[in-house]
Amino acid sequence: MTNSSPRSEWRVTAGLLLLSAVPVLAGGVRVTELAAGAEATPANARFLAVPLPVVVHIIGASLFCLLGAFQFHRGLRRRRPRWHRIAGRVLVPCGLAAAVTGVWMTLYYPLPAFDGPRFGVLGLARLGFGTVMAVAIVLSFLAIRRRDIARHRAWMIRAYAIGQGAGTQALTHAPWVLTAGQPGVGTRAVLMIAAWTINLAVAEWIIRRRPRPVGSRPGAAVDREHGAGHEGGPVAEQPRRGLGDLGRIG
């Protein structure tokens, strides 16, 4: 199987940056509003009362999505392995901050009426996906400490898929809003859960479809890409390729 072209790799990165654009811009507006001391309204009163969790969530999620997009670029990782490792050290705390504050806000912020009950369908989904994202990041970190590149990559792909939920939610909501107006509580829950589900389904497809290369030394491609030597012991699994190495993050 041939390697992906630099142009196709940049298209993947650009697509992920575009997917991040709506939540990142909306988050920037929210942070600016809080910093400027905006007048309290039903939509922002909870954030003005306790601003720290939402600010940490916005900054963490924005960095996680934007920096994470460049981790999918195979050529960049190979040419700049040190940058890849430094970016990974930023992504882990940012992703954990986004996941943990997302869970905290679901549990403790007064929720708007269109979100439904705190422990309704949407509330439970937020708690579940936030928890899975945090666990996936921890498992990815533990895997890379063992130099288990395949599992590290797979868990980070899953975490990134959940972290990109807000971007996909903009896509699932847009057709409904344009054709039927603002969704009700039940429809809103379905549209939001659909976005996380789509992202995770694509992530699993990427992880599972990439075949194991034949005739290569175990760990060789991983050592080249991550700038690792052999003093730390053998790599647990061989790298896998496919779909332009889209899944090779972390």
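For the structure itself, consult the block above.
Remember, it's a predicted structure, so these values are computed and weren't measured experimentally.

Asker: What is the right way to read the environment of Gln 71 from this model?
Answerer: One can find Gln 71 in helix α3 (residues 51-71). The sequence separation of Gln 71 and Thr 13 amounts to 58 residues, and the corresponding C-alpha distance is 8.3 Å. A distance of 3.1 Å separates polar atoms of two side chains, one belonging to Gln 71 and the other to His 84.

Asker: I'm lost on the pattern of salt bridges in this one. Help?
Answerer: In a structure, side chains of opposite charge can pair up when their charged atoms sit close to one another. Under the counting rule described, the total for this entry stands at six salt bridges. Across the pair Arg 126 and Asp 115 runs a salt bridge, and its minimum N-O distance is 2.8 Å. With Arg 126 in helix α6 (residues 121-145) and Asp 115 in the loop between α5 (81-108) and α6, this pair connects stretches of sequence that are eleven residues apart. Glu 204 is the partner of Arg 208 in a salt bridge, and the nearest nitrogen-oxygen pair spans 3.0 Å. With Arg 208 and Glu 204 both in helix α9 (residues 185-209) and four residues apart, the pair spans about one turn of that helix. The exposure class assigned to Arg 208 is exposed, which follows from its relative accessible area of 64%. With a relative accessible area of 22%, Glu 204 lands in the partly exposed category. Through salt bridges with shared partners, a single network forms among Asp 115, Arg 126 and Arg 188.

Asker: Would you explain the environment of Leu 124 in this entry?
Answerer: Structurally, Leu 124 is set in helix α6. Owing to a relative accessible area of 49%, Leu 124 belongs among the partly exposed residues under this scheme. For Leu 124 and Thr 106, which are 18 residues apart along the polypeptide, the C-alpha to C-alpha distance reads 8.8 Å. Sequence-distant contacts of Leu 124, defined by excluding residues within four places in its chain, comprise Arg 118 and Phe 119.

Asker: I'm lost on the nonpolar core in this one. Help?
Answerer: Most often, soluble globular proteins have nonpolar side chains that are buried together. Grouped together as the largest cluster of nonpolar side chains are 23 residues, with contacts concentrated most on Phe 64, Met 133, Ile 137, Ala 159, Tyr 160 and Trp 196. Secondary structure elements with two or more residues in this core: α3, α5, α6, α7 (149-163) and α9. With seven residues, the single largest contributor to this core is α6.

Asker: Sorry if this is basic, but what is going on with the layout of surface pockets here?
Answerer: One simple way to see leftover space: roll a probe sized like a water molecule over the atoms. By volume, the largest pocket is sized at about 1,500 Å³. Forming the boundary of the largest pocket are 46 residues, of which His 57, Arg 126, Ala 166, Gln 169 and Met 192 lie nearest the centre. Listing elements by their share of the lining of the largest pocket, those giving two or more residues are α1 (6-35), α2 (45-49), α3, α5, α6, α7, α8 (165-180) and α9. Broken down by class, the residue content of the lining of the largest pocket amounts to 29 nonpolar, twelve polar and five charged.

Asker: Is there a simple way to explain a nonpolar patch on the surface in this structure?
Answerer: On the surface, Val 135, Val 138, Leu 139, Phe 141 and Leu 142 cluster together to form a nonpolar patch covering roughly 380 Å² of accessible area. With respect to the helices, strands and loops of the structure, Val 138 is situated in helix α6. The exposure class assigned to Val 138 is partly exposed, which follows from its relative accessible area of 39%.

Asker: Whenever I open this one, the packing of aromatic side chains confuses me. Can you help?
Answerer: In this description, an aromatic ring pair is defined by two values, namely the gap between the centres and the angle between the planes. Tallying each qualifying case throughout the model produces eight aromatic pairs. Each ring, one from Phe 64 and one from Tyr 160, has its centre 5.8 Å from the other, and the planes form 45°; the classification is tilted. Pair noted here: Phe 64 is in helix α3 and Tyr 160 is in helix α7, with a separation of 96 residues, a long-range link. By the burial criterion, Phe 64 is buried, and Tyr 160 matches it. Cluster of aromatic residues (ring-pair linked, three or more members): Phe 47, Trp 104, Tyr 108 and Tyr 109.

Asker: What exactly am I supposed to notice about the packing of α6 against α9 here?
Answerer: Geometrically, a packed helix pair is captured by the angle between its two axes and the distance between the axes. Between α6 and α9, whose axes approach to 9 Å, the crossing angle comes to 25°. Classed by the angle they form, the pair α6 and α9 counts as roughly parallel. Like other packed secondary-structure pairs, α6 and α9 cross with a definite hand, here left-handed. Here Val 121, Leu 122, Ala 125, Arg 126 and Phe 129 of α6 come into contact with α9, specifically with Arg 188, Ala 189, Met 192, Ile 193, Trp 196, Thr 197 and Leu 200. Of the residues assigned to the contact of α6 with α9, the class counts are nine nonpolar, one polar and two charged.

Procedures and definitions
Residues numbered from 1 in each chain as written. Predicted model: local features only at pLDDT ≥ 70, side-chain atom pairs only at ≥ 80, totals over all residues. Heavy atoms only, no water. Helix = DSSP H or I, 4+ residues; strand = E, 2+ residues; numbered from the N terminus. Polar contact = N/O pair within 3.5 Å; in protein donor to acceptor, adjacent residues only side chain to side chain. Salt bridge = Lys/Arg side-chain N within 4 Å of Asp/Glu carboxyl O. Buried < 20%, exposed > 50% of the residue type's maximum accessible area, 1.4 Å probe, protein only. Contact = heavy atoms within 4.5 Å. Core = buried A, V, L, I, M, F, W, Y, C linked by side-chain atoms within 4.5 Å. 1 Å grid on protein atoms, 1.4 Å probe; cavity = no way out; pocket = protein on both sides within 12 Å on 5 of 7 lines; lining within 4 Å. Points joined across faces, edges and corners; volume = space filled by probe spheres on them. Nonpolar A, V, L, I, M, F, W, Y, C, P; charged D, E, K, R; others polar. Patch = residues over 30% accessible without salt bridge, like charges linked within 9 Å, V, L, I, M, F, W, Y side chains within 5 Å. Areas by Shrake-Rupley, 256 points an atom, 1.4 Å probe, with all protein chains shown as cover. Phe/Tyr/Trp six-rings, centres within 6.5 Å; stacked < 30°, edge-to-face > 60°. Axes fitted to C-alpha atoms, helices over the stretch in contact; angles between N-to-C directions. Parallel < 35°, antiparallel > 145°, perpendicular 65-115°, else oblique. Left-handed = near helix turned anticlockwise from the far one by under 90°.

Keep in mind these values describe shape, not function.
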